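Fold and contact review
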Amino acid sequence: MNKPADPHPGFPSTGLPREQVMAELEAARANDADWRGGRVPLFVFKGSEAVSEIGQAAFDAYFHENALGGARAFPSVAGFER
């Protein structure tokens, strides 16, 4: 009897080159709306460059925290959500 494939085989032992990852990410957005051209103001909030910089810095500061951990593991993230 054949054993079914493991649906969660784990991470591969080696990764992809950064350039390939970035190229795949760029290709994945091929059919996305052109928010940079102002086509979807309902879904995108783009401010000045200063606003973008502080938003990116805040994102980077909490990049590893998982909001699904909620108030127990990351009360700071839960506070931001509130």
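This text follows the structure it describes.
A few points on the structure. Fair warning: this is a prediction, and the values are worked out from it, not measured in the lab. (Residues numbered from 1 in each chain as written. Predicted model: local features only at pLDDT ≥ 70, side-chain atom pairs only at ≥ 80, totals over all residues. Heavy atoms only, no water.)

1. Looking at the overall build of the chain
Tallying secondary structure elements over the chain gives 4 helices and 0 strands in all. Moving toward the C terminus, one meets the helices and strands of the chain in the order α-α-α-α. Whereas a compact globule of 82 residues would reach a radius of gyration of roughly 12 Å, the chain reaches 19 Å, over 25% beyond that. Counting only C-alpha atoms, the chain reaches 60 × 40 × 25 Å along its principal axes. Counting across all 82 residues of the chain, residues that qualify as buried make up 5%. Within the structure as shown, the chain displays about 7,900 Å² of accessible surface, and the carbon and sulfur contribution to it stands at 60%. Between the averaged position of the 8 positive side-chain charges in the chain and that of its 11 negative side-chain charges there is a distance of 5 Å. (Helix = DSSP H or I, 4+ residues; strand = E, 2+ residues; numbered from the N terminus. Rg over C-alpha atoms; globule rule 2.2 N^0.38 Å. Buried < 20%, exposed > 50% of the residue type's maximum accessible area, 1.4 Å probe, protein only. Areas by Shrake-Rupley, 256 points an atom, 1.4 Å probe, with all protein chains shown as cover. Lys, Arg positive; Asp, Glu negative; His and termini not counted. Charge placed at Lys NZ, Arg CZ, Asp CG, Glu CD.)

2. Quick word on the packing of aromatic side chains
In this structure the tally under the stated criterion is 2 aromatic pairs. Taking the centre distance of 5.8 Å and the plane angle of 70° together, the rings of F59 and F63 count as edge-to-face. A relative accessible area of 47% means that F59 is categorised as partly exposed. Between Y62 and F80, the aromatic rings sit 5.3 Å apart at their centres with planes inclined by 85°, giving edge-to-face as the arrangement. Remark: F80 occurs in helix α4 (residues 75-81) and Y62 occurs in the loop between α2 (49-61) and α3 (70-73); sequence separation between them is 18 residues. Among the residues examined, F80 registers a relative accessible area of 60% and is labelled exposed. (Phe/Tyr/Trp six-rings, centres within 6.5 Å; stacked < 30°, edge-to-face > 60°.)

3. Notes on the pattern of salt bridges
Counted according to the given criterion, the structure contains 1 salt bridge. Across the salt bridge formed by E26 and R29, the nearest N and O atoms sit 3.3 Å from each other. A relative accessible area of 47% places E26 in the partly exposed class. (Salt bridge = Lys/Arg side-chain N within 4 Å of Asp/Glu carboxyl O.)

4. Describing the environment of E81
Along the chain, the position of E81 falls in helix α4. For E81, a relative accessible area of 58% corresponds to the exposed category. Along the backbone, E81 and A58 are 23 residues apart, and their C-alpha atoms lie at a distance of 14 Å.

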